[in-house]
Amino acid sequence: MPNDAPVDPRGPRFSAWMTTVVLAIVLLTGWWRLLAAQTVLFAMCAFISLKLNPWGHVYRFAIQPRITPTTEREEAAPLRFAQGVGFVFALIGTLGYATGLTTLGMVATGFALVAALLNAALGLCLGCEVYLLLRRYAPALARPQ
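It should be emphasised that the depicted structure is a prediction, and the values quoted were computed from it without experimental measurement. Throughout, residues of each chain are indexed from 1 in the direction in which the sequence is written. Totals for whole chains, interfaces and linings use every residue, but because this is a predicted model, local features are given only for residues with pLDDT of at least 70 and side-chain atom pairs only at 80 or more, for both listing and counting. Heavy atoms from the whole structure form the basis of all side-chain values; hydrogens and water molecules are not counted.

### Focus: the UniProt feature "transmembrane region" (unreviewed entry) in the protein
UniProt positions are given in the numbering used here, feature names are shortened, and annotations may be inferred rather than shown by experiment. Within the UniProt annotation, "transmembrane region" (unreviewed entry) is assigned to residues 14-34, 79-98 and 110-134. Each end of residues 79-98 is marked by a C-alpha atom, and these two atoms are 28 Å apart; helix forms 100% of the span and strand 0%. Span residues 110-134 is 88% helix and 0% strand, its end C-alpha atoms 24 Å apart. Helix and strand assignments follow DSSP, with helices taken as H or I runs no shorter than four residues and strands as E runs no shorter than two, numbered in order from the N terminus.

Below you can see the structure in the form of structure tokens.
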């Protein structure tokens, strides 16, 4: 897995706002093909590179030049893990909607929406927090008993 450079934390929050909009549209309309597109986006960012996120490009080229610069940076690994978590929920949602298990699709999409909204509105990245907890406790789990 390639290492992405640290990022301006405002970029992922902007992406989270855009993801929130996409997921809200899916919940309101049941348009599973849009959720499938979001699933592909999550997969590209989680398994290839955060640089593939089109919302990140919009942020870097249209928004970032117009706002006050910051030296604050956020490591990419927790963000990529969070994208992987989003991928799992979006994939379950897509499969649920596409196979007629609409309740499953709605619940999985709803969980993804809550996580995206928390990140966008409050800067609380649930996937990032899980990543940090796993990093903290993984060595304890790996020790022989």
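### A few points about the environment of P12
With respect to the helices and strands, P12 occurs in helix α1 (residues 10-29). The spacing of P12 and R60 is 48 residues in sequence and 11 Å in space, taken between C-alpha atoms. By definition in these notes, contact holds between two residues if any of their heavy atoms fall within 4.5 Å. If we skip the residues at most four places from it in the chain, P12 touches V7, E74, L79 and N119.

### Overview of the pattern of salt bridges
For this document, the term salt bridge refers to a Lys or Arg side-chain nitrogen within 4 Å of an Asp or Glu carboxyl oxygen. Evaluated as defined, the whole model comprises 2 salt bridges. A salt bridge links R80 to D4, with the shortest nitrogen-to-oxygen separation between them at 3.5 Å. Here D4 lies in the segment before α1 and R80 lies in helix α4 (residues 76-98), a separation of 76 residues in the sequence. Under the scheme applied here, a residue whose accessible area is under 20% of the maximum for its type counts as buried, over 50% as exposed, and between as partly exposed, the area being computed with a 1.4 Å probe on protein chains only. Assessed through its relative accessible area of 12%, D4 is described here as buried. Put simply, R10 and D8 hold a salt bridge, and the shortest N to O gap is 2.8 Å. By relative accessible area, which is 8% here, D8 ends up buried.

### Considerations on the layout of surface pockets
The method works on a 1 Å grid over the protein atoms by themselves. A cavity is a set of points holding a 1.4 Å probe that cannot get out, a pocket is an open set with protein on both sides within 12 Å along at least five of seven lines, and residues with an atom within 4 Å of a point line them. Grid points are joined across faces, edges and corners, and a volume is the space filled by probe spheres set on the points. One number sums up the size of the largest pocket: a volume of about 800 Å³. The wall of the largest pocket is formed by 35 residues, among which P12, L50, L79, Q83 and N119 lie closest to the centre. Elements supplying a minimum of two residues to the lining of the largest pocket: α1, α3 (54-63), α4, α5 (102-122) and α6 (126-142).

### Structural notes on the state of the cysteines
By definition, disulfides here are pairs of cysteine sulfur atoms that lie within 2.5 Å. With the rule as written, the count across this model stands at 1 disulfide. The partner cysteine of C125 in its disulfide is C128, sulfur to sulfur 2.4 Å. Between C125 and C128 the sulfur-sulfur dihedral comes to about 70°; the bridge is accordingly right-handed. Its relative accessible area of 11% is what places C125 among the buried residues. Given the relative accessible area of 7%, C128 is considered buried.

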